[in-house]
Each structure stands twice: as structure tokens, then as C-alpha cells.
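Architecture at a glance
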Amino acid sequence: MPTPLLTVEDAAAQFTAGRGYLSACTMGLPIRATIAALAADAARWAAGTASAAEYGAIVEQGRNLYARIVNVPVERVAIGSQTSVMAEVIASSIPDGAEVLCVDGDFSSMVFPFLAQAHRGVSVRHASLGALADSISSNTALVAFSLVQSATGAIADADAVTSAAKAHDAWTLCDTTQAVGWLPVDAGAFDATVCHGYKWLCCPRGVAFLTVSERLQPELRPVQAGWYAGADPWASCYGPQMQLADTARRFDVSPAWQAWAGTTPALSFFSTLDIPAARDHAVRLGDLLCDGLDIARAGQAIVTWPDADGACLGPLTAAGITISCRSGRARAAFHLWNDEQDVANTLEVLGR
């Protein structure tokens, strides 16, 4: 009999705080199990009993949990520390002179790695999110985009993009950092995905993931190969020979051990969460805020509105409500620990 999924109400109880924190899009909050795991790890480290081998087992547990969350075989998952570094694996493998299509205003980690390839003739073209699928052409080698836009919270039409990319034989790279944890994600729908876990997955910063399809893997250069990318990491500590893993692990980066100690409990938590219910919860709160601000409902977990002069950010910060500001817009994000009271408090401070 399947284990019942964790409800939003039960999930919310796993956080020690969260009232007034509307900023999961900037940094998530830790669950109780993560706090305990980090404390226990610090104690082992201080006592000299921390074990590299044990950290390795923790990393592999986390890899398996992430694969489950994004619906891909574990053999398709590589681990690292930053999305930009993992995107660089894809960028460095684009053929000389190729065209990359990006979203106008997308997060720089999905743009800079490709702009940095200009020395070998790689060109980067930009399109609006809504026009992305229609902008793919026979010249496009790769479409690189975020599933959820960091600055606005807008959600890409992934089906349209992947369908158009397939029609033009273009690769797809999707950044799911602002999606995984509240939005159902099937990483297998893309040739590659990157995701940092410190936002909606509530992991410590320093844990990121790359998924690579079987179609794309042979085309990629393991430009960041190190001992952890070896077929057997502990037999790959020294040269002169190199034997990389046959799976996506060949793109692994040596893990930030202490961060992983707190990551595995968080991923275990999210692997049992009712993600569609988490999406509905976040969207409902976001739409309630839109109603109170008298702006169109966006159907998103992230709500933004013009605030170039900080007229909203300042009073909310002073009142102990945490939001952020990006591209001249106030940005509020709703996750598991938020409820209707957070919306009401925000609107009260803003005089709505």
C-alpha cells in the first residue's frame, strides 16, 4: 500500500518559523530535521569523528531522492554546487558558431555561460518568454530558459518550447531552481536541467543538480572533471589515468560535505510531499495578494508589482515582513510555511 503523501498542513508544522517570510524565491527556510542534522554534523566534525565515506553515502542518498522528486532515473543525475557552473558544462559543448536562444531578462546563470562562448563564435539571441517557442529556428542549437522566471515568477510553456525544439532538432536546457519544491517538474522532458536546492527545496546553499538525457550526454564535454567524476571516486584521487563514470556522474563536482548533511533530510521531506497540493496552496495565496493589490491574478507562487522607489519594500521590511526587490519590482513568494495571515499582514502594512 502506497505511503500517504505529506499534506501542506503537516508539512508546515516541520518549520520552526516563517510568519512574515515571503522570500522562498531568495532563500528557503530549513525544516526541523535539517536543523538537527546540521547540528549533529557540526558536533561530529568538531569531535573529529566526521567521515568522508559517510558523507559519500549521504550524497548518494540525496542524489536518489532528487531523482525521485524530478522523475528521472538516478543515472541521469549529476551533483554540484552552483547552477552556473553546471550550465557551463552545456555551454562549453555547444558547437563553434552555434546559436543559443535565451529568454530576455532571464537569470544570469542561464545567460552568462553562453555569452562567455563568444570567443568561438557562439551567438546568443533573446526572446520574450511568451514568444520563446515561436522564436526557435533551424539555426538554434540550444534553448536555455528558466521554468519559472526569477524576476517575475512567470511560468514558461514548457510543452510548447520542448515541442518546437524537437521540431528544429535543438537541445533544451531548463533551470528549475524556482520551480522544484512547489511545482511538479518532470526533468526528463528536457535534454538537461539545472537546479540549486537552497530556495524552494529548503536545502543549505551549496547543493545543486544537473540532469542529462541519454541523447545529450555523449555530446557533452566533462570540463569540470575531478576525482568525484570518476567511475570509482576513491580510486580516482590521483593521476595519471582517468576513468570517468559512464552515467551522468561523470559531470559531478566534489560535494560540499557539510551542506549535504542538511540536504538529505530536506530532500526526503520533499520526496514525500504532495507537490500538486503545495502548488495549489502557493498559487492561492499569491492570487489573494494580487486581489488585495488590485492587480491581475497571475496563478503563480511569486507575485511582483512595480516598486522602483521602494515605497512598498521599505515599510514591509520595517514591519518585519521579508520580501525582495528585483528589476524595480517588489517580489513576494509563498511557500509551505505561509498562510492567509501573511497575505493579510502584508496588505495591512501597504494600506490595502
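It should be noted that the structure appears before, not after, this text.
The structure presented is a predicted model; accordingly, all values stated were derived computationally and were not measured. (Residues numbered from 1 in each chain as written. Predicted model: local features only at pLDDT ≥ 70, side-chain atom pairs only at ≥ 80, totals over all residues. Heavy atoms only, no water.)

Brief notes about the overall build of the protein
What the protein contains, in helices and strands, is 11 helices and 10 strands. On C-alpha atoms alone, the protein measures out to a radius of gyration of 21 Å, which is about the 20 Å that the 2.2 N^0.38 rule sets for 352 residues. Expressed as a percentage of the 352 residues in the protein, the buried residues total 52%. Pairs at least 24 residues apart make up 71% of the contacts formed inside the protein by residues separated by at least 6 positions. Total accessible area on the protein is roughly 14,900 Å²; 54% of this is exposed by carbon and sulfur atoms. (Helix = DSSP H or I, 4+ residues; strand = E, 2+ residues; numbered from the N terminus. Rg over C-alpha atoms; globule rule 2.2 N^0.38 Å. Buried < 20%, exposed > 50% of the residue type's maximum accessible area, 1.4 Å probe, protein only. Contact = heavy atoms within 4.5 Å. Areas by Shrake-Rupley, 256 points an atom, 1.4 Å probe, with all protein chains shown as cover.)

A word on the pattern of salt bridges
All chains considered together, the criterion is met by 12 salt bridges. A salt bridge links Asp-96 to Arg-120, with the shortest nitrogen-to-oxygen separation between them at 2.8 Å. With Asp-96 in the loop between α4 (83–91) and β2 (99–103) and Arg-120 in the loop between α5 (112–115) and β3 (123–127), this residue pair connects regions lying 24 residues apart in the sequence. Residue classification places Asp-96 among the exposed positions, given a relative accessible area of 59%. Salt-bridge contacts for Arg-279 lead to Asp-280; the nearest nitrogen and oxygen are separated by 3.3 Å. The partly exposed category is assigned to Arg-279, whose relative accessible area is 28%. Judged by its relative accessible area of 45%, Asp-280 falls in the partly exposed class. (Salt bridge = Lys/Arg side-chain N within 4 Å of Asp/Glu carboxyl O.)

Observations concerning the packing of aromatic side chains
Within the structure shown, the criterion is met by 11 aromatic pairs. Ring geometry for Phe-15 versus Trp-337: centroids 5.0 Å apart, planes at 70°, classification edge-to-face. Highlighted residues: Phe-15 in the loop between α1 (8–12) and α2 (32–47) and Trp-337 in the loop between β10 (329–333) and α11 (340–349), separated in sequence by 322 residues. Residues Phe-15 and Trp-337 agree in their burial class; the two are buried. Here Phe-209 and Trp-260 contribute two aromatic rings whose centre-to-centre distance is 5.7 Å and whose plane-to-plane angle is 80°, an arrangement assigned as edge-to-face. A residue pair is termed long-range when its members are at least 10 positions apart, and Phe-209 in strand β7 (residues 208–212) and Trp-260 in helix α8 (residues 257–271) qualify at 51 residues. A relative accessible area of 0% places Phe-209 in the buried class. An aromatic cluster of three or more residues is present, and its members are Phe-15, Tyr-21, Phe-269, Phe-270 and Trp-337. (Phe/Tyr/Trp six-rings, centres within 6.5 Å; stacked < 30°, edge-to-face > 60°.)

Considerations on the layout of surface pockets
Over the atoms a probe the size of a water molecule is rolled, and this reveals where empty space is left. Its boundaries defined by the atoms lining it, the largest pocket holds a volume of some 270 Å³. In the lining of the largest pocket, the residues fall into 4 nonpolar, 10 polar and 6 charged. Estimates place the volume of the second largest pocket at around 210 Å³. Along the wall of the second largest pocket there are 15 residues; nearest its centre are Arg-68, Ile-69, Asn-71, Leu-273 and Ile-275. When contributions to the lining of the second largest pocket are tallied by element, the ones reaching two or more residues are α3 (52–69), α8 and α9 (275–293). Partitioning the lining of the second largest pocket into residue classes produces 11 nonpolar, 3 polar and 1 charged. (1 Å grid on protein atoms, 1.4 Å probe; cavity = no way out; pocket = protein on both sides within 12 Å on 5 of 7 lines; lining within 4 Å. Points joined across faces, edges and corners; volume = space filled by probe spheres on them. Nonpolar A, V, L, I, M, F, W, Y, C, P; charged D, E, K, R; others polar.)

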